[in-house]
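Observations on the model geometry
Chain residues, written in single-letter form:
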Amino acid sequence: MEGKTEESTVKIEVVNDLTCHFDKSWLAELQTGQSLYDVMLNLAKSTSSFSFEYKYYPELGHEIITICGMHADSANKQYWQILDSAGKPKTTGVDGIKPVPDDTFKFRLINYEGGCP
């Protein structure tokens, strides 16, 4: 069956590891073939408590810059790390991640020291 079913949700968690003052989660609608970016759009449209901003690079896709008003400041070596259901960092961006029903993705605002994360 294509499209939305009752089981077609993905859990989105957002954690600010810089301040330890934000830890929230939502269930987002997942439709067949959607990327994690699409799931984030679904969530932003369905609830006012979740929002995000991005930069789009034609060759790379969407870079998540801000979630729920929390901005990743590249000048201060901050970025949004994406972890999968097993807690492992993803090596691709939101456009390249294809969730399946009941997946969990954690977005962590973190700091790194030197170079690329």
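As shown above, the structure is provided for reference.
These remarks concern the structure in this document. (Residues numbered from 1 in each chain as written. Predicted model: local features only at pLDDT ≥ 70, side-chain atom pairs only at ≥ 80, totals over all residues. Heavy atoms only, no water.)

Things to note about the pattern of salt bridges
- Applying the stated rule across the entire model yields three salt bridges.
- Across the pair lysine 106 and glutamate 13 runs a salt bridge, and its minimum N-O distance is 3.9 Å. Of the two residues, lysine 106 sits in strand β7 (residues 104–111) while glutamate 13 sits in strand β1 (residues 9–16), which places them 93 residues apart along the sequence.
- Exposure remark for glutamate 13: the relative accessible area of 17% places this residue in the buried category.
- In the salt-bridge network here, residues are joined through shared partners; they are Lys11, Glu13 and Lys106. (Salt bridge = Lys/Arg side-chain N within 4 Å of Asp/Glu carboxyl O. Helix = DSSP H or I, 4+ residues; strand = E, 2+ residues; numbered from the N terminus. Buried < 20%, exposed > 50% of the residue type's maximum accessible area, 1.4 Å probe, protein only.)

Things to note about the packing of aromatic side chains
- As enumerated under the stated definition, the model contains five aromatic pairs in all.
- Ring geometry for tyrosine 37 versus phenylalanine 52: centroids 5.9 Å apart, planes at 90°, classification edge-to-face. With tyrosine 37 in helix α1 (residues 36–46) and phenylalanine 52 in strand β3 (residues 52–57), this pair connects stretches of sequence that are 15 residues apart.
- Classification of phenylalanine 52 by relative accessible area gives buried; the value is 14%. (Phe/Tyr/Trp six-rings, centres within 6.5 Å; stacked < 30°, edge-to-face > 60°.)

Quick word on the side chain of histidine 62
- Looking at where histidine 62 falls in the secondary structure, it is placed in strand β4 (residues 61–67).
- Among the polar contacts made by the side chain of histidine 62, one reaches the side chain of tyrosine 37 at a distance of 3.5 Å.
- If sequence neighbours within four positions are ignored, histidine 62 has contacts with Tyr37, Tyr54, Lys55, Tyr56, Val94 and Asp95. (Polar contact = N/O pair within 3.5 Å; in protein donor to acceptor, adjacent residues only side chain to side chain. Contact = heavy atoms within 4.5 Å.)

Topic: the pairing of strand β6 (residues 78–83)
- Within β6, six of the six residues are buried, which leaves it mostly tucked inside the rest of the structure.
- Side chains Gln78, Trp80 and Ile82 project from β6 onto one buried face, and the interleaved Tyr79, Gln81 and Leu83 project onto a second face that is buried too.
- Across six bridges, the pairing between β6 and β7 is antiparallel. Looking at β7, one finds that tryptophan 80 is bridged to leucine 109. (Pairing = 2+ DSSP bridges.)

Purely spatial values, then, with no claim about function.
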